[in-house]
Structure formats: structure tokens, C-alpha cells
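Descriptive analysis of the structure
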Amino acid sequence: MRRLAIAGGIAGGVAAGAAIAVGVPRYLARRTRADAGDPYATEPFELPPTNSMRTVTTGDGVDVHVETVGPEDADLTVVFAHGYLHDASTFYFQRKAVAEAAGRGYSVRAVFYDQPGHGRSGPLPRAEYGIDDLALTLGDVIDAVVPTGPLVLVGHSMGGMTIQAFPRVRPDLFGPRVKGVGFLSTSPGGLDTVETKPMRALRRLRRTVLPLLKQITGTGWTPQLIDRARLLSGDIGYLVTRRNAFAHEDPPHSLVKLVERMNRHTPVQSVVGYLRAILDHEETATLKEFGSVPVLVAVGDSDILTPPQHSRRLADAIPGSRFALIAEAAHSPQLEYPGEISQLLLEMIDKSAVDIDPIGETNTAGPQRRLRWSPFSRHTHAEE
């Protein structure tokens, strides 16, 4: 019983972002949260721009929660896939950017969904889930929500791994329809060798908690009981997230709270069920498939989960891709520097749309206008 309690504690710590000491006074967390200078204090993170909500049932029976913004008959659709322990909320600012985009010469729609076992989607149908399963889920979402028309795919972290597997798993969709790709803070493989505290914690979790969870029947412990214990550790989880998920020494309270909420509400079955998929991920062989479309690869220079060299290796393997290193950013630059990431993505989307007629068909006569990349801010270092 004691071993299972320890396992639950380890799972909760990793779900909050990393394994650190937990003897931090609660008053420190409360004092940290009282940040009157939070620039996002009034952002309605729970009520993002939304045109539709629906449920898509995957081939293996998972009910996936899907939301869209923009016109159903848009010329181009952008599908966003979030990462491990997050949900579609991680793209809040990019959703706003798409909803507010105007005067681009074409209409755009965005699709956001919660990966299986995350957010408002159903639980994993088996103890362990793979990247190929996620790629098939992406295909199911596209089949149901965007059955026709050109696509751009954007993935953060595990969502980027999902997209890397997509050409192999669904070549019928990737080749004819995908016109551009954005990879944020992801890796083509080798995360099992990363020597940072969070990644060492994930490897330890894989060695210890996964076998224990398979033995909990009849012990009095259940994954649901462990999840309830994790939900009570708010102050600890907040401080762990603040320390490990952000590069800035004093990140906005609202963003820390958003990430901590996503982490803490991811069921322990998902926390553990994706470990093998992430640590064993290796998709280098498929990367050449992306060379025919505009590709953005962006990463924070202080990312300790998927370090910058992994994104650099990804970009080097895709001819013509654009690499952007975001200064003073950690694993979620789309939240830490939302304006910069949104601008980079919109520019990539523009570049993907040069062959799209305003009626939504591919223009075989060639680009209709010249597009230039906008200047970068002082926080961004980029290479074509």
C-alpha cells in the first residue's frame, strides 16, 4: 500500500511538470499568486472564441472533444494537436489570432481537439497508448470535421510527434491535402537520453509507477483515488509548474495557473499511459515527407523537456524548413510569447496558402501574390 501511495505522489509530481522537493510552505504559493501585474488576468481562458463543438468517436472507441473557430466553408483549415498533459487550452492565444485574422486574401478555419485521455476527451482504451494511435486519431478528426479541402497541421510537443507519424499512418490524407506544418517544442526521437530533471523523472515513472498501476486491483488504491489526491495538491503543483514550465523568473500567475490546471486534471492513467510512446518515439525516417510544404520549427531556448537541439535536428532533416529559437522561453512558447508564435504561425499559414484560390481549390497556375516573412522581435532568433 505504501509503495502505491508513493507511486501516486510521483505521478502527481511529474504531472505538475517535474520532480522537486514538496516541503514548500503554502503561504509562499499564495503570495506568489497575488500578482497584480498579470497582463493576462482578465483573459477568459475557459471561454475561447468558438464557432462549434462536437464529439468525434475514434476507430478504437474514444470520444474526442473537438472545437472549431472560423467559417465551415473556409478556404484553408488549420488543425492543432496539443502535447502531453495539456489540452486544447494551450493554443488559446493562437485560437484568438486565427479568429481575429483579417485581410489575408483567403478565409481560414481552425480545429482544436483534446487528445485521448486529456481534457474533455474520453479515457485511454488500454493501459498504454502510442504515437501511431494519436496519428490515427488526428485522421479520424480530419475525416469527421474537415472531410475536404487543404489543411495546415500544427503540433506542440507530443502533438508534433503525432504529426510526424501522420504521413506514414495516413498517406491518403497527408500527400493530397496537407499544405503546411508547424512544429512547436517537439522532438523526432531520442528523448529517453535527455538528462534533465523532468525527463529523468519520466523514466523513473516508467520504471516504477507503470508496473504498480497494473497491480492495484484489490489494494484499495485506484487511478481515480490517486487523481483525487493529486487534485488536493494545488499549492505544490502550482510552484512546481512555475519553476519548471516557464523560463521567466516571474511568469504571469494566470499562465502558471492554466498550465498547472491542465497538468493536474490529466488522469494518472494518461500520465503513465503515454510514457512509452514519448520516450521510445523515433520518426526520423518520415521527415523527408515534409520537405514539399512550408514547415515552421519553433522552440524555446530554455526548454528542458524537448531541448532546442531536438528541434534543430528536426529542422535540419526537413529541407527548406524555417527554424525559430525563442529567447527566454521554455516548453510552451505559445503561452510565454503568444504574439511571436502566433505571428510565426500566421506567416507559415500565409506561405501555405499561396496556391489556394479564394473558393478553396488548389490553384495549379501558381502563386497569385508574393509573401514576405515579417521581421522578428528581439526575443526571436530565426533561420530559413
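Let me sum up the structure you'll find in this document. (Residues numbered from 1 in each chain as written. Predicted model: local features only at pLDDT ≥ 70, side-chain atom pairs only at ≥ 80, totals over all residues. Heavy atoms only, no water.)

**Concerning the packing of helix 4 (residues 131-145) against helix 5 (residues 158-169)**
To keep it simple, the criterion reads: Axis lines are fitted through C-alpha atoms, for helices just across the contact stretch, and the angle between N-to-C directions can take any value from 0 to 180 degrees. Secondary structure elements are taken from DSSP: a helix is a run of H or I of four residues or more, a strand is a run of E of two residues or more, and numbering for both begins at the N terminus. Orientation is classified from the angle alone, with under 35 degrees giving roughly parallel, over 145 giving roughly antiparallel, 65 to 115 giving roughly perpendicular, and any other angle giving oblique. Throughout, a contact is declared for two residues whenever any of their heavy atoms are within 4.5 Å. Each residue gets one of three labels, nonpolar for Ala, Val, Leu, Ile, Met, Phe, Trp, Tyr, Cys and Pro, charged for Asp, Glu, Lys and Arg, and polar for the others, Gly among them.
The N-to-C vectors of helix 4 and helix 5 enclose an angle of 80°; their axes lie 8 Å apart at closest approach. In terms of their interaxial angle, helix 4 and helix 5 are classed as roughly perpendicular. Judged by residue contacts, Ile 131, Asp 132, Leu 134, Ala 135, Leu 136, Leu 138, Gly 139 and Ile 142 of helix 4 engage Met 158, Met 161, Thr 162, Ile 163, Ala 165, Phe 166, Arg 168 and Val 169 from helix 5. For the contact of helix 4 with helix 5, the per-class residue count stands at twelve nonpolar, two polar and two charged.

**Overview of the side chain of His 281**
Test applied: Two N or O atoms form a polar contact when they lie within 3.5 Å of each other; inside protein one atom must be a possible hydrogen donor and the other a possible acceptor, and for residues adjacent in sequence the pair counts only when both atoms belong to side chains.
Structurally, His 281 is set in the loop between helix 12 (275-279) and strand 7 (295-300). Here Ser 187 takes part through its backbone oxygen, which lies 3.2 Å from a polar atom of the side chain of His 281. Those residues in contact with His 281, other than ones at most four positions away along the chain, are Ile 131, Met 161, Gln 164, Ser 187, Pro 188, Gly 189, Gly 190 and Arg 276.

**Quick word on the packing of aromatic side chains**
The following threshold applies: Classification of ring pairs rests on two measures: the distance between centres of Phe, Tyr or Trp rings, Trp counted by its six-membered ring, which must be within 6.5 Å, and the angle between planes, read as stacked under 30 degrees, edge-to-face over 60 and tilted in between. Burial status follows relative accessibility: with a 1.4 Å probe on protein chains alone, a residue under 20% of its type maximum counts as buried, one over 50% as exposed, and anything between as partly exposed. Working rule: Lys NZ or Arg CZ, within 6 Å of ring centre, within 35 degrees of ring normal, means a charge sits over the ring.
In total, this model carries ten aromatic pairs according to the counting rule given. Between Phe 174 and Phe 290, the ring centres sit 5.0 Å apart and the planes meet at 80°, which makes this aromatic pair edge-to-face. Pair noted here: Phe 174 is in helix 6 (residues 171-177) and Phe 290 is in the loop between helix 12 and strand 7, with a separation of 116 residues, a long-range link. Of the two residues, Phe 174 and Phe 290, both sit in the buried class. Within the aromatic cluster, the residues linked to one another by ring pairs are Tyr 40, Phe 45, Tyr 92 and Phe 93. The cationic tip of Arg 95 hangs over the ring face of Phe 112; the distance from NZ or CZ to the ring centre is 4.4 Å. Positioned above the aromatic ring of Phe 323 is the side chain of Arg 312, whose terminal nitrogen or guanidinium carbon lies 4.4 Å from the ring centre.

**A word on helix 13 (residues 308-316)**
Helical periodicity: at 3.6 residues per turn, an α-helix aligns residues three or four positions apart in one direction. Where we set the bar: This arc is taken over the directions from the axis of the helix to the C-beta atoms.
Of the residues making up helix 13, those classed as buried are Pro 308, His 310, Ser 311, Leu 314 and Ala 315. End-on view of helix 13: buried residues confined to an arc of 160°, all on one side of the axis. Residues Gln 309 and Asp 316 are exposed on helix 13 and point more than 90 degrees away from its buried face. Buried residues belonging to helix 13 abut helix 5, strand 6 (178-184), strand 7 and strand 8 (322-326).

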